[in-house]
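Structural characterization, general
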Amino acid sequence: MSIQASPRRRFVALLATSILVGVLMPVIPAAAATDACPSSVPSTNYRDLAGLGNEAIEAVNCVTYYGISQGVTATSFDPWTTVSRWQMALFLTRTGQDLRVALPSGSDQGFTDLAGVPPAARTAINQLAQLEITQGMTTNTFAPFDPVPRWQMALFLTRLYAKAGSALPSGADQGFTDTQTLPNSTWRAINQLAQLGISKGVSAGRFEPDAAVPRWQMALFVARELDAAKVKPLTVSIIPSVTSTPAPGQVTLTLSVKRADGSTVTGQYVDVFVGSLDSSGRCALDLDASINGGDAATGADCKIDSNDPRTNSGGLATVTLSHSSILEVDSVYAWVGSNGSTFDIDERPMYSVVQIQWTLPVAKLFIADSIARYGTQTTVSAALLGASNQSVPLGGQKIVFKVTRNGTQVISQTVTTGSNGVASISYTGPADPTVGDDPTRTDTVTAFWDKDGDGTDDGAAEFDDTATVTWDDELPRADRTMLTQSSVAGLAGAKVTLSMRVTDKFGVGYPNARVTFAVSGANGASIVADTDSNGSAQVSYTPTTVGVDTIDARIDFDRDGTIGPGDIDYAGVPDLTHHVVQLAPDLTDGTHSFDLLRVDTDANVIDVVEIGTGNPYRLVYDNVNDLFSVNGTAKSIAAFETDLLKLSLPALDGGGGVELKTNTYTTTTSGSSTFILKTS
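The paragraphs below set out a description of the structure included in this document. (Residues numbered from 1 in each chain as written. Predicted model: local features only at pLDDT ≥ 70, side-chain atom pairs only at ≥ 80, totals over all residues. Heavy atoms only, no water.)

1. Some points on the overall build of the chain
A count of helices and strands for the chain gives seven helices and 33 strands. The long-range share in the chain, meaning contacts at least 24 apart out of those at least 6 apart in sequence, stands at 66%. Accessible area of the chain: about 30100 Å², with a carbon and sulfur share of 51%. (Helix = DSSP H or I, 4+ residues; strand = E, 2+ residues; numbered from the N terminus. Contact = heavy atoms within 4.5 Å. Areas by Shrake-Rupley, 256 points an atom, 1.4 Å probe, with all protein chains shown as cover.)

And the structure:
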């Protein structure tokens, strides 16, 4: 059953002039109160519902939500206009789909007066005739443009109700005094509607059978029929086997369709596609992915049809998502609707979307050694890494940790990785043996990626790793310092930020220690700052003279102005070197131009601007030897190295100039030369 007959385009051409009551303004209805039209049914954007009662407004929202009517424009329902017979044919067949009536082919049933009727309405008229819900006005005429009187509506709705397999009540007299002269079948249908609560008459004892049905009454009748037939809105959900996995690869998607009361829906077609929504709210497919178990791309057409997977007796269907080796995040949509409908977010289809992340292949598992204080809690993390030590953001993977102390296993725990591909355990170490300086104790931590979920380490295939946790006390005191700068080289006049982090041997920061930063060489400076609660202090200075600066620091823990026992003097902190440079001239091989600007935080990083024209790149030499653009997008290094090796590289001597020198490393292509920036 489709609760949202997707795209039925608004081709309604009404014959009568709309009668608008009151000022055109948005209407906020009271909460819907039936099983078929619960409070979760969204309000429409129709601005012409003023003058209607709450139940009628809720009914308009409901039939719009089910896709039975879409209004005449995006903001108007035209509630007071009379419903014509061709329009009613569409309303009835769409309602029939939600009542799970199997619609016939809609082949020509011999009506000769359907010229000018939209094609979808012609099909609906013929389907009603095939279902024997209508026989037409004569054997070969339907009178499609005639208004629908209330007595005809009673016949149509009761016949449709019966076709859905629902039992009609007796049709006993419900007290309408203006229906006594009607044919017996019509009289009974009117009374049956009253017994079902679908029609309550226009006043006490009056049904007004010959009055034409306006669109707001049609909405009421249909919404009440849905409720009387115990129709429930559907929900569709996607349960992926994993939410992140190496590419190329496959993910199993389990599709679930349920009614609002939680009951499952059998035999429901579900369309699945991978991609996004375009500006018109329709699907834009991702060609790197495909769905197996449904239609061709599944998802290639974004339509509900007989090629789509269909829910089984448990309300479930299963498909497989496949993907190329491209690393990205896929949005996977699953939706339900009437057969032949096309996905369009504007038509409020019932859908669900999940994201699947395709990652690098995992090449190793890594745990770092650590040190912790006796009796405290420590955290040990295992990270999934790629072949070049890149983190692999693979979530939902089982990592089995085992902690051994003095030959005895004290912990065995399975933890699932987060979206960053990291799993962690926390546990408390042994108590401090004495108040003095005690020998350390060591735990051995092993971990493996339990890919098959059997709880057994299958060796190299599951990427084991081992690390140690060393338990120690505070004695002897062992302070650690980390002096850093924002860049190792920069143009004269560019501000440099200096940072100091002071910690104990367990990595806990010392607050309120006084740090003196000393700069000597081309530019002199002395700057004082206190560490914060994290043990960090930060200052900045702006060198103006080209040359080399030496940066050092000392730490006065007791802030008494002298460096005494327990403090750290300049000799205890490794120095930093900062190169203050001028802009280098272009180097060229006659074809390629390279403008050298600066070196970044890492001493093995060189910024290279203008390769060709307007193509800025940054060349990074680390364990990976990759080439990156300034904005972080990965680029191939091979072609760039080839061009660099062609260059004749003179020393660029002169006041504050820079010089390009070579270091040896193994290139990704051939040769053994690379280039870093140094002062001359």
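2. Quick word on the environment of Lys230
Mapped onto the elements, Lys230 comes out in the loop between α6 (215-228) and β1 (234-240). Separated by 195 residues in sequence, Lys230 and Asp35 place their C-alpha atoms 7.2 Å apart.

3. Remarks on the pattern of salt bridges
Within this structure, the stated rule accounts for ten salt bridges. Two residues, Arg477 and Asp479, come together in a salt bridge whose shortest N-O distance is 2.8 Å. We classify Arg477 as partly exposed; its relative accessible area is 45%. For Asp479, a relative accessible area of 23% gives the class partly exposed. The network of salt bridges with shared partners includes Arg373, Glu474 and Asp504. (Salt bridge = Lys/Arg side-chain N within 4 Å of Asp/Glu carboxyl O. Buried < 20%, exposed > 50% of the residue type's maximum accessible area, 1.4 Å probe, protein only.)

4. Here we look at the sheet that holds strand β8 (residues 329-336)
One open sheet accounts for five strands, arranged β2-β9-β8-β4-β5; its pairing is mixed. Two strands close off the open sheet at either side, each with one partner strand: β2 (244-246) and β5 (283-285). On average, each strand axis in the sheet is inclined to that of its neighbour by 50°, with strand direction left out of account. Here strand β4 (residues 271-277) pairs with β8 via four bridges, running antiparallel. Its bridge partner being in β8, Phe273 is matched across the sheet by Tyr333. (Pairing = 2+ DSSP bridges. Axes fitted to C-alpha atoms, helices over the stretch in contact; angles between N-to-C directions.)

5. Observations concerning the pairing of strand β17 (residues 465-472)
Where strand β11 (residues 370-373) lies against β17, four bridges are found, and the strand directions are parallel. Pairing of Ser370 across the sheet is with Val469, part of β17. Relative to β17, strand β16 (residues 441-449) runs antiparallel, the two being bridged by seven bridges. Across the sheet, the residue bridging to Ala447 is Asp465, located in β17.

6. Structural notes on the sheet that holds strand β13 (residues 398-405)
Pairing is mixed across the open sheet formed by five strands, whose spatial order is β11-β17-β16-β13-β14. In this open sheet, the two strands that pair with only one neighbour each are β11 and β14 (408-416). When strand polarity is set aside, the average angle formed by the axes of neighbouring strands in this sheet is 25°.

7. A short note on the state of the cysteines
Counted under the stated rule, the structure contains two disulfides. Disulfide pairing places Cys37 opposite Cys62 at an S-S distance of 1.8 Å. Every disulfide takes its handedness from the sign of the S-S torsion; for Cys37 and Cys62 that torsion is -70°, giving left-handed. Highlighted residues: Cys37 in the segment before α1 (54-65) and Cys62 in helix α1, separated in sequence by 25 residues. Using a relative accessible area of 5% as the deciding quantity, one classes Cys37 as buried. Here Cys283 connects covalently by a disulfide to Cys302, the sulfurs 1.8 Å from one another. Given an S-S torsion of about 110°, the disulfide between Cys283 and Cys302 has right-handed geometry. Taken together, the residues Cys283 in strand β5 and Cys302 in the loop between β6 (289-292) and β7 (316-323) connect sequence positions 19 residues apart. Along the chain, the cysteines engaged in disulfide bonds are linked according to the scheme 1-2, 3-4 when indexed in sequence order. (Disulfide = S-S within 2.5 Å.)

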